[in-house]
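# Results of the structural survey
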Amino acid sequence: EKVKVSSNDYIGCFFISCNNRIHKNFQSSLILLSRGLEEPARILIRTMLETVVIAQAIFKDHENYNKWESNQKIEANRLIDDINRKKKGLVQLKGKVSTEKLYPNQTKTHISDWARLADMEEEYNTAYRVLSGNVHFSYRSYEQDFCFENGKIVAINVGPQMENQRVIITTMLDIMLRMIRIFRVYFQIEDEAFNKIVEQLIQFQKIALQEK
């Protein structure tokens with residue numbers, strides 16, 4: 001109720017959408033972790049991290065919003081090209097949507113570039129790249145589905161996974177608080193409790209790192 005935004009405030013609307021997206025994924029991840037489903041939680045957290053990286057880059061320089069729009073236009077162009085090439089699954093769209101290139105001369109911004117713009121290259125090279133292994137079904141992710149003894153598979157790992165929950169939750173909290181900070185500053189929302197929560201997270205992070 002403290003947020004005041006108009007439809008003309010495209011940056012504010014963008015941050016609202018980012019905040020909602022991260023908040024929903026945060027809640028979903030907690031539900032998954034409560035059932036010991038660490039891998040699908042990691043996939044959602046990677047989505048959260050990507051969102052906050054882009055949000056942070058746009059927060060630092062509102063002109064970066066144009067880069068995000070350019071990425072969306074590139075994806076639209078790709079779909080139009082695939083419809084025109086009559087790729088499988090898209091033939092039925094021919095004639096139902098405009099199949100002219102609507103957005104020429106767009107430039108792609110990779111997530112690594114977004115991380116640089118957001119000053120979050122460390123997070124990209126650590127958390128993001130590790131979590132990407134779960135999204136793209138890497139060999140490391142494959143190994144997590146088995147139990148090994150002396151380098152040999154001895155069992156299928158189908159039970160709940162609880163070993164890394166403190167580190168995972170710490171990562172989730174860090175992402176969530178980053179987005180809340182962006183949200184608070186942009187919309188000029190005063191909240192004295194926020195800094196205390198950040199301090200608690202820092203202590204929580206230290207404990208998690210010591211355990212690892």
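What follows deals with helix α4 (residues 111-118). All buried positions along α4 are accounted for by I111, W114, A115 and A118. Seen along its axis, α4 keeps its buried residues to an arc of 100 degrees; they face one direction. Buried-residue contacts for α4 involve α2 (38-60), α3 (65-84) and α5 (121-135). Downstream of α4 by one or two residues, D119 has phi in the positive range, about 60 degrees.

Tracing the chain through its elements places N19 in helix α1 (residues 10-34). Discounting residues that sit within four places of it in the chain, N19 has contacts with M179, I180 and F183.

In the sheet, strand β1 (residues 146-149) pairs with strand β2 (residues 152-156) via 4 bridges, with the strands oriented antiparallel. Among the inter-strand pairings, E149 is bridged to a residue of β2, identified as K152. In textbook terms, the turn of a hairpin is the stretch between consecutive antiparallel strands, and for β1 and β2 this stretch comprises 2 residues, one of which, N150, has a positive phi near 55 degrees.

This paragraph deals with the nonpolar core. Counting 32 residues, the largest nonpolar core has F15, V53, I58 and M179 as the members making the most contacts within it. The element best represented in this core is α2, accounting for 10 residues. Residues within four places of F15 in sequence aside, it is in contact with A55, I58, F59, M179, I182, F183 and Y186.

Time to look at the packing of aromatic side chains. Aromatic ring pairs are reported here in terms of the distance separating the ring centres and the angle at which the planes meet. As enumerated under the stated definition, the model contains 14 aromatic pairs in all. For the pair F14 and Y65, a centre-to-centre distance of 5.7 Å together with 90 degrees between the ring planes defines the contact as edge-to-face. You can see F14 sitting in helix α1 and its partner Y65 sitting in helix α3, a full 51 residues away along the chain. Residues F14 and Y65 agree in their burial class; the two are buried. Seen from their ring centres, Y65 and W68 are 5.6 Å apart, and the 40 degrees between their planes marks the pair as tilted. Taken together, the residues span about one helical turn, with Y65 and W68 both in helix α3 at a distance of 3 residues. A relative accessible area of 11% places Y65 in the buried class. On the accessibility criterion, W68 (26% relative accessible area) is partly exposed. These aromatic residues form a ring-pair network of at least three members: Y10, F14, F15, F59, Y65, W68, F183, Y186 and F187.

Turning to a nonpolar patch on the surface, a few remarks are in order. A contiguous nonpolar surface patch, about 550 Å² in accessible area, is contributed by F137, Y139, Y142, F148 and I153. For Y139, the position within the fold is in helix α6 (residues 139-143). Overall, Y139 belongs to the exposed group, its relative accessible area being 59%.

Let us now look at the confidence of the model for the protein. The pLDDT averaged across the protein works out to 87; a share of 95% of its residues lies at or above 70. When mean pLDDT is compared element by element in the protein, α4 scores highest at 97, while helix α8 (residues 192-211) scores lowest at 72.

This part takes up the pattern of salt bridges. Counted according to the given criterion, the structure contains 5 salt bridges. When the shortest N-O distance is used, the salt bridge between R78 and E75 registers 3.2 Å. Taken together, the residues R78 and E75, both in helix α3 and 3 residues apart, mark about one turn of the helix. On the basis of relative accessible area, E75 is assigned to the partly exposed category, the value being 35%. Its salt-bridge partner being E123, residue R178 comes within 2.6 Å of it at the nearest N-O pair. Residue R178 is located in helix α7 (residues 165-187), and its partner E123 is located in helix α5; the two are separated by 55 residues in the primary sequence.

Each value, and the rule that gives it
Residues numbered from 1 in each chain as written. Predicted model: local features only at pLDDT ≥ 70, side-chain atom pairs only at ≥ 80, totals over all residues. Heavy atoms only, no water. Buried < 20%, exposed > 50% of the residue type's maximum accessible area, 1.4 Å probe, protein only. Helix = DSSP H or I, 4+ residues; strand = E, 2+ residues; numbered from the N terminus. Arc of directions from axis to C-beta. Contact = heavy atoms within 4.5 Å. Pairing = 2+ DSSP bridges. Core = buried A, V, L, I, M, F, W, Y, C linked by side-chain atoms within 4.5 Å. Phe/Tyr/Trp six-rings, centres within 6.5 Å; stacked < 30°, edge-to-face > 60°. Patch = residues over 30% accessible without salt bridge, like charges linked within 9 Å, V, L, I, M, F, W, Y side chains within 5 Å. Areas by Shrake-Rupley, 256 points an atom, 1.4 Å probe, with all protein chains shown as cover. Salt bridge = Lys/Arg side-chain N within 4 Å of Asp/Glu carboxyl O. pLDDT = per-residue confidence, 0-100.

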